[in-house]
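An overview of the molecular structure
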Amino acid sequence: MDAQRRVQVRAGLVRLQAVLKSERASPLEEVSVAGRIAQEAQAAFVFEVKAARSAGHSWERIAEHAPGFGPAAGDDGAQRLFESLASASGGGRACVSLRCGSCDGVVVDRGPYGGHPSDAEQGHRQECARHRRDVERYVASLSDVPASPSTGIEPGAACPAAPGIDLGFGLE
Ligand SMILES: [Zn+2]
């Protein structure tokens, strides 16, 4: 989340918390305000998870830090976290779109389901050091892995944005 957006979010949360603390607020006003806080928090959560992926953290590592997705919540936390953010692409396969912090490529992330890194993340630039390391690590972990992606998914296939969240509390 960029600095300006963080300032806006914090200012909005402070205003909303003030409404919740007000003795004049009715229960229905408080429901509305609490709902807006939940929406804003969810939007911030999505943004920060994608930022962590852009920075090169694995879904597994991010899930360890995400309440409700960590080890205590089961061993499929990384997949559940991915699925909570993903939208279906044209081919029907779930994906998350993000910008690689290493090569600045727009990456279609297909989630933490294993396989060749070039299948799981498409859109890295050819010179991407991070992606090259991921491929080298993957190849080293297997004895007879094919040298190229095996699923035949269109390189650069678009990943539609997840449904937007209407923040609706006037953070201009
Ligand atoms: Zn990259």
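No experiment lies behind these values; they were computed from the predicted model shown.

Reading guide: rules and limits
Residues numbered from 1 in each chain as written. Predicted model: local features only at pLDDT ≥ 70, side-chain atom pairs only at ≥ 80, totals over all residues. Helix = DSSP H or I, 4+ residues; strand = E, 2+ residues; numbered from the N terminus. Core = buried A, V, L, I, M, F, W, Y, C linked by C-beta atoms within 7 Å. Buried ≥ 20, exposed ≤ 12 C-beta atoms within 10 Å, placed from the backbone. Domains from an automatic or database assignment. Contact = placed C-beta atoms within 7 Å. Pairing = 2+ DSSP bridges. Arc of directions from axis to C-beta. Expected span 1.5 Å × (residues − 1).

Quick look at unusual backbone geometry
Positive phi, normally seen in glycine, also occurs at aspartate 104, with a value near 70°. Here aspartate 104 lies in the loop between β2 (94-99) and β3 (106-109).

Some points on the nonpolar core
Ranked by internal contacts, the top residues of the largest apolar core, which has 16 residues, are Trp59, Ile62, Ala63, Ala66 and Leu81. When contributions to this core are tallied by element, the ones reaching two or more residues are α3 (59-65), α4 (77-85), β2 and β3. Residue-level mapping places this core at the junction of two domains, with at least three residues from each of domain 2 (55-85) and domain 3 (88-161). For tryptophan 59, the residues in contact, after removing those within four places along its chain, are Ala78, Leu81, Phe82, Gly111 and Pro112.

Examining the pairing of β3
Of the pairings in the sheet, the one linking β2 to β3 comprises four bridges and is antiparallel in character. What sits directly across from serine 97, in β3, is valine 108. Remark: six residues form the turn of the hairpin made by β2 and β3, two consecutive strands paired antiparallel; aspartate 104 in that turn has positive phi of roughly 70°. Pairing of β3 with strand β4 (residues 121-122), which is carried by two bridges, proceeds in the antiparallel orientation. Along β4, the bridge assignment pairs aspartate 109 with glutamate 121.

Digging into α4
Side chains that are three or four residues apart share a direction in an α-helix, a result of its 3.6 residues per turn. For α4, every residue scored as buried is listed here: Gly77, Ala78, Leu81 and Phe82. With its buried residues spanning 135° around the axis, α4 presents them on a single face. Along its buried surface, α4 packs onto α2 (27-54), α3 and β2.

A short note on α2
The first and last C-alpha atoms of α2 sit 40 Å apart over 28 residues, in line with the 40 Å expected at 1.5 Å per residue. Where α2 is concerned, the buried positions are Arg36, Glu40, Val49 and Arg53. One or two positions beyond α2, positive phi appears at glycine 56, with a value near 100°.

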